[in-house]
Structures are given as structure tokens and as C-alpha cells.
Amino acid sequence: MDLDVRFGAAIAIAEEAAQLALRHFENRGALTVEHKGLQDLVSAADREVEQLVRTRIAERFPEDALLGEEAGSGGAVSSRALWVIDPIDGTTNFLRGLPHWGVVLAFVADEVVEHGVIVAPVLRERYVARKGRGAFCNDRPLKVTGTAKLSEAVIGFGSNKKTPHQPYLAALDQLLAEGIEYRRLGCASMNLAAVASGKLDGFYEAKLSPWDALAGMLLVHEAGGRCNDYLADDGLLRGNSVLVGNRPLYDSLAAAFKVFSEA
Ligand code: IPD
Ligand code: CA
């Protein structure tokens, strides 16, 4: 399997998809929007962008399997070569005109995440990571922070309506008492990119789908951070919690959020 060719294709496809998404963003008032669940939206832009990505991958790699947020997988998740697609991560931000959203692609070969690409066109940022070869934003190498005290840390949080919020508030309460600051960007992949970039010291969300999680977690890993074992317990099929952090703070964050595995 040619990983170099797939990595190059992932960048080109994500860039093309991001330009399509940006055109919709600029005319977002005209989009048809549906509710998939409580505070869980999908627009015609999400569906059209995913279809473009699927078409481009199928043209070049017809033997590879696809898992996308909007169109699913057709049961092919255990395939040797799997593209994981979020056409728009941060749909709520997108529909409200906030800048933190992006097209996210990850590639999994034999259950190893080989590369990830996130293109955030409003921010003019393109994040890429390859396993063992580093993480970059617009070709600049990324490195996590060295912040060692919770009282100097700024942590990203995400929450959604698929998990109860009380445990989350308990952990936040504990960490706020220790002196942290926090941010909520409303886009999991961009939170993970922010940790990889040294803009945040860590990020936690109790349950994320693989299209939200895999590309950004590889970025953090390649930028020198620590990550929980997302693929454990059938994470690729069922989703999992996500915790990432810089090296000194990860253990404190893991204790607060009761995350027990590390990749
Ligand atoms: C969502 C965003 C949000 C996170 C949710 C995700 P979507 O993705 O990343 O920040 O809190 O858990 O589902 O639905 O906008 O692709
Ligand atoms: Ca999405």
C-alpha cells in the first residue's frame, strides 16, 4: 500500500473539499439544515462535501474503504485501508458563522492511524501529521507546550449531548480549584490541533467519534504530546473518550477525568 501517495491525495482532497465548504459557509443562510439529534445538526453542505470527498477517494483508491460521519461505512470498518472522513467538524460553528470548523481526514491501515489532515479555511490553516514523521501547520513544525503547573494551564473542553454532563462538571470543578483556565472552541479537531500547536495544554471530551478524533490525536502525538488509547475497546467502531495533554500535565488531567489508558 502506497502511504506517500495516499497522504498527498488526502491533502489535495481536503483542500478541494474545504474550498467547497467555504463557498457554502459564505452563503450559509441558504442551506437546508436538519436535526440529527439534540444540538446535533447536519446541513446540505456537510452532505455535499462528504460526497465530494468520497468521490475523489473512490476515483483514486477504489479498493479502500470509507467511514464518514454523514454516510457511514457500509460495514467496512475492519478493512485493511480505511479513510475516516468528517466533511465539516464543527457544524454548529459553521452554521453560526464562527471560524473554528474544518474538513478532517484520517487514514487507518491495519488499525494504525498513518496520517491525518485538517483544513480550516476561514483560519487559513492546514494541519497535517504522519505517523513517525511529525506534525505541521502550513508547513511549520508543531510542538506541544511544556507548561508544568495546572495553575498556569489553559485546557480545551468539549461536550455533547451523548454523555451526561455531571461527571464533566465535577472534573472541571476540581481543575478550576487547582487554578486552570479553559476554552471551548466547539470543534474537537481544532481543539486537538490547538494542543499540537502549543496554544492549549490539553483537551478532553467524554465521547467522540473517530472522524472527530483520529487526525487531531495523531497531530498531538507527533507534536510530542500524550494521548489516551482511543482505539481500545473498539473505539473505531463505537467511539471513545479523548484526552490529550502535554507531557507534564497529562497525568493530572487523566486523574481528574478518570481516563485510565494511554496509547
Ligand atoms: C462535533 C464537534 C463538537 C464536539 C462534538 C462533535 P460535528 O462534531 O467537534 O465540538 O463537541 O462532540 O460531534 O458534529 O460538528 O462534526
Ligand atoms: Ca461533522
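Everything numeric in this text was worked out from a predicted model, so none of it was measured.

Novice: What exactly am I supposed to notice about the overall build of the protein chain here?
Specialist: Counting its secondary structure elements, the protein chain contains 8 helices and 14 strands. The globule rule puts the C-alpha radius of gyration for 263 residues at 18 Å, and the 17 Å found for the protein chain is close to it. Taken along its principal axes, the extent of the C-alpha atoms in the protein chain is 50 × 40 × 35 Å. Buried residues in the protein chain amount to 55% of all 263 residues. Within the protein chain, contacts between residues separated by at least 24 positions form 62% of all contacts whose residues are at least 6 apart in sequence.

Novice: What's the story with the site of ligand 1 in this structure? I'm lost.
Specialist: Taken together, 16 residues form the shell around ligand 1, and within it Asp-89, Gly-90, Thr-91, Asn-160 and Glu-205 come nearest. In this structure, an oxygen atom belonging to ligand 1 sits 3.2 Å away from a main-chain N or O atom of Ile-88. Here an oxygen atom of ligand 1 and a side-chain polar atom of Asn-160 are 2.8 Å apart. Summarising the interface, the protein chains cover 89% of the accessible area of ligand 1, which totals 380 Å² for the free molecule. The biggest single contributor to the shell around ligand 1 is strand 4 (residues 81–89), with 3 residues.

Novice: Got a minute to help me understand the packing of aromatic side chains in this structure?
Specialist: Applying the stated rule across the entire model yields 10 aromatic pairs. Geometrically, the ring pair formed by Phe-25 and Phe-94 is tilted, given 5.5 Å between the ring centres and 55° between the ring planes. Of this pair, Phe-25 sits in helix 1 (residues 3–26) while Phe-94 sits in helix 3 (residues 91–96); the two residues are 69 residues apart in sequence, bridging distant segments of the chain. Residue Phe-25 is classed as buried on the basis of its relative accessible area, which comes to 9%. You can call Phe-94 buried: its relative accessible area is 0%. Between Tyr-168 and Tyr-204, the aromatic rings sit 6.3 Å apart at their centres with planes inclined by 65°, giving edge-to-face as the arrangement. Within this pair, whereas Tyr-168 is found in helix 4 (residues 166–177), its partner Tyr-204 is found in strand 12 (residues 202–208), the two being separated by 36 residues in sequence.

Thresholds, definitions, all that
Per chain, residue numbering runs from 1 following the sequence as it is written. Key to labels: chains lettered from A, ligands numbered from 1, both in the order written. Only residues with pLDDT of 70 or above have their local features reported here, since the model is predicted, and side-chain atom pairs are shown and tallied only from 80 upward, although totals for entire chains, interfaces and linings are computed over all residues. Side-chain calculation: all heavy atoms of the structure are included, whereas hydrogens and water are not. Counting from the N terminus, the helices are DSSP H or I runs at least four residues long and the strands are E runs at least two residues long. The reference for a compact globule is 2.2 Å times residues^0.38; the radius of gyration itself is calculated from the C-alpha atoms. Accessibility here uses a 1.4 Å probe with only protein chains present; expressed as a share of the type maximum, an area under 20% marks a residue as buried, one over 50% as exposed, and anything in between as partly exposed. Only heavy atoms enter the contact rule, under which two residues are in contact if any of them lie within 4.5 Å. Near, as used in this document, describes a residue that has one of its heavy atoms within 4 Å of the molecule or strand being considered. Side-chain atoms alone can form a polar contact between residues adjacent in sequence; in general such a contact is a pair of N or O atoms within 3.5 Å, and within protein one must be able to donate a hydrogen while the other accepts it. Surface exposure here means Shrake-Rupley accessible area, sampled with a 1.4 Å probe, where a residue is shielded only by the protein chains that are shown. Between 30 and 60 degrees the pair is tilted, below 30 it is stacked and above 60 it is edge-to-face, where a pair is any two Phe, Tyr or Trp rings, Trp via its six-membered ring, whose centres lie within 6.5 Å.

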